[in-house]
Amino acid sequence: MAKLHYIYSTMGAGKTLNLIQTAFNYEERGMQTLLLTTAIDDRYGKGKITSRLGVSRDAHVFSPDQDLYSDHLVPAAQAGFACVLIDEGQFMSRRNVEDLARAVDTLNLPAMVWGLRTDFLGNPFEGSAALFALADELREMRTLCHCGKKATMVLRSDADGNAVSEGPQVQIGGNDSYTPVCRKHWAQSIAQSRAKST
Ligand SMILES: [Zn+2]
C-alpha cells in the first residue's frame, strides 16, 4: 500500500539534495519518478529543483489553487511512475496536500514531500501544517545550531546580519539570509531584535 511521507527540517539540512539523491536511487533501479515543486519558489527559474551544492533537476511546477490530482497525479500513475517527489512542500496549499493524499490512497501512488517545519517566526506554513496532519510517515532531517544542539528553528537576518522579528512569511530573493538554530538561540535573537526596534 502506498504511503505519503513528509520529510521535514529547518533550513540548511540538505532536503533538496536528499530529494535529488532519492530520484537517482529510483532511476538506478530502472524506475521513473515525477519531480514537482511549488510555483512560489522561483529562485532558480520555474521548473527547477536546485540544491545549495549546485546539483539541479528539471521539475514540473504547480500552484496552490491547481488541481494537482487531475493535472499531474493521474497522468503520473497512468504513465507508471514509481513515486512522486515534491520539493518546497511548505508552500503547498491544504488543497494540494489533500489531492496528494487522495492520489496515494486511490491510485496507489507513493509520494515523498520535503519541506520546512516552521517559518522564521516559529509559525507553521499552510503546507507544513497540512502535511503534518495528513502524512502517513514523518521523518526529520537533522542539522545543528552553532551551539551543537539540534537546530529546529530558522533565523532570518537582514543584509547587516541583524535578526528580523517581523515581516511576511515568504520572501524569496532579497538580501536576507537564513540560519538554522536551536529554539533557545532563536528565542534570544528574536527577543534582542524586538528590544532594538522599540
Ligand atoms: Zn543553539
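Just so it is clear, the structure is predicted and the values come from calculations on it, not from any experiment. The numbering scheme is per chain: residues are counted from 1 as the chain's sequence reads. Residue-level local features of this predicted model are given only where pLDDT is at least 70; pairs of side-chain atoms are given and counted only at 80 or more, and the full residue set underlies all totals for whole chains, interfaces and linings. Side-chain measures here rest on the full set of heavy atoms in the structure, leaving out hydrogens and waters.

1. Quick notes on the coordination of the zinc ion
Point 1. Metal donors: N, O and S atoms at distances within 2.8 Å, or within 3.2 Å for Na, K and Ca, with water omitted from the atom set so that some sites may seem incomplete. Listed as protein donors to the zinc ion are Cys145 (SG), Cys147 (SG), Cys182 (SG) and His185 (ND1); their distances from the metal cover 2.0 to 2.3 Å.
Point 2. Key to geometry: four donors with every angle between 85 and 135 degrees are tetrahedral; four donors are square planar and six octahedral where opposite donors lie over 155 degrees apart and all remaining angles lie between 65 and 115; all other sites are irregular. Bound by four donor atoms, the zinc ion shows angles of 97 to 114 degrees at the metal and therefore tetrahedral coordination geometry.
Point 3. When the donor residues of the zinc ion are listed from N- to C-terminus, their spacing reads C-x1-C-x34-C-x2-H. Taken together, the residues cysteine 145 in the loop between β8 (137–140) and β9 (153–157) and cysteine 182 in the loop between β10 (177–181) and α5 (183–196) connect sequence positions 37 residues apart. Only DSSP runs of H or I reaching four residues or more are called helices, and only runs of E reaching two or more are called strands; each is numbered from the N terminus.

2. Structural notes on the UniProt feature "active site" (unreviewed entry) in the protein chain
Point 1. UniProt feature "active site" (unreviewed entry): in the numbering of this structure it lies at Glu88.
Point 2. In this structure, glutamate 88 sits in the loop between β6 (83–87) and α3 (94–106). UniProt positions are given in the numbering used here, feature names are shortened, and annotations may be inferred rather than shown by experiment.

3. Here we look at the sheet that holds strand β1 (residues 4–9)
Point 1. Being paired, for any two strands, means DSSP has found at least two bridges between them. Read from one edge to the other, the open sheet built from six strands follows the order β5-β2-β6-β7-β1-β8, with strand pairing classed as parallel. This sheet does not close on itself; its edge strands, each paired only once, are β5 (60–62) and β8. Adjacent strand axes in the sheet meet at a mean angle of 25 degrees when their direction is disregarded.
Point 2. The sheet contact formed by β6 and strand β7 (residues 111–116) spans three bridges and is parallel. When the bridges of β7 are listed, leucine 85 appears paired with methionine 112. Orientation is described by axes fitted as lines to C-alpha atoms, over the contacting stretch for helices, and by angles from 0 to 180 degrees between their N-to-C directions.

4. A word on the UniProt feature "binding site: ATP" (unreviewed entry) in the protein chain
Point 1. The positions UniProt marks with the feature "binding site: ATP" (unreviewed entry) are Ser9, Thr10, Met11, Gly12, Ala13, Gly14, Lys15, Thr16, Asp87, Glu88, Gly89 and Gln90.
Point 2. Position of serine 9 relative to the elements: it lies in strand β1.
Point 3. A contact between two residues is defined here by any heavy atoms of the two lying within 4.5 Å. Among all residues touching serine 9, those that are not within four sequence positions of it are Lys15, Gly115, Leu116, Arg117 and Met141.
Point 4. Between N or O atoms, a polar contact is any pair within 3.5 Å; within protein, one atom must be a potential hydrogen donor and the other a potential acceptor, and residues adjacent in sequence are included only when both atoms are from side chains. Within the local environment of serine 9, its side chain forms a polar contact with the side chain of lysine 15, the two groups lying 3.0 Å apart.
Point 5. Locating glycine 89 in the fold gives a position in the loop between β6 and α3.
Point 6. Ignoring any residue separated from it by four or fewer positions in sequence, one finds glycine 89 in contact with Val113, Trp114, Gly115, Gly127, Ser128 and Leu131.

5. Here we look at a nonpolar patch on the surface
Point 1. Patches here are clusters of residues that have more than 30% relative accessible area and form no salt bridge, with a 9 Å joining cutoff for like charges and a 5 Å cutoff for nonpolar side chains (Val, Leu, Ile, Met, Phe, Trp, Tyr). Per-residue and other accessible areas were derived by the Shrake-Rupley procedure at a 1.4 Å probe size, with only the shown protein chains allowed to occlude residues. For salt bridges, the criterion is a side-chain nitrogen of Lys or Arg within 4 Å of an Asp or Glu carboxyl oxygen. Taken together, Leu17, Leu53 and Val55 make up a surface patch of nonpolar side chains, about 260 Å² in accessible area.
Point 2. Secondary-structure assignment places leucine 17 in helix α1 (residues 15–28).

6. Remarks on the pairing of strand β2 (residues 33–38)
Moving residue by residue along a regular strand, the side chains alternate between the two faces of the sheet.
Point 1. Relative accessibility thresholds used throughout: buried, under 20% of the residue-type maximum; exposed, over 50%; partly exposed, between the two (1.4 Å probe, protein chains only). Burial analysis of β2 places six of its six residues in the buried class, which makes it a mostly covered element.
Point 2. Of the two faces of β2, both are covered, the one formed by Thr33, Leu35 and Thr37 as well as the one formed by Leu34, Leu36 and Thr38.
Point 3. Sheet topology places β2 next to β6; five bridges connect them, and they run parallel. By the bridge assignment for β6, leucine 35 is matched with leucine 85.
Point 4. One ladder, built from three bridges, connects β2 with β5; its direction is parallel. If you follow leucine 36 over to β5, its bridge partner there is histidine 60.

7. Things to note about α1
Point 1. Working rule for helices: expected span equals 1.5 Å times residues minus one. Taking 1.5 Å as the rise per residue, α1 with 14 residues should run 20 Å; its terminal C-alpha atoms sit 20 Å apart, in good agreement.
Point 2. Among all positions of α1, only Lys15, Thr16, Leu19, Ile20, Thr22, Ala23 and Tyr26 are buried. Taken down its axis, α1 places every buried residue within 155 degrees of arc, on the same side.
Point 3. Turning to α1, the residues buried within the fold contact β1, β2, β3 (48–50), β4 (56–58), β6 and β7.
Point 4. Taken from the residues just after α1, glycine 30 is the one with a positive phi, measuring 80 degrees. Directions are taken from the helix axis to each C-beta atom, and the arc is the one they span.

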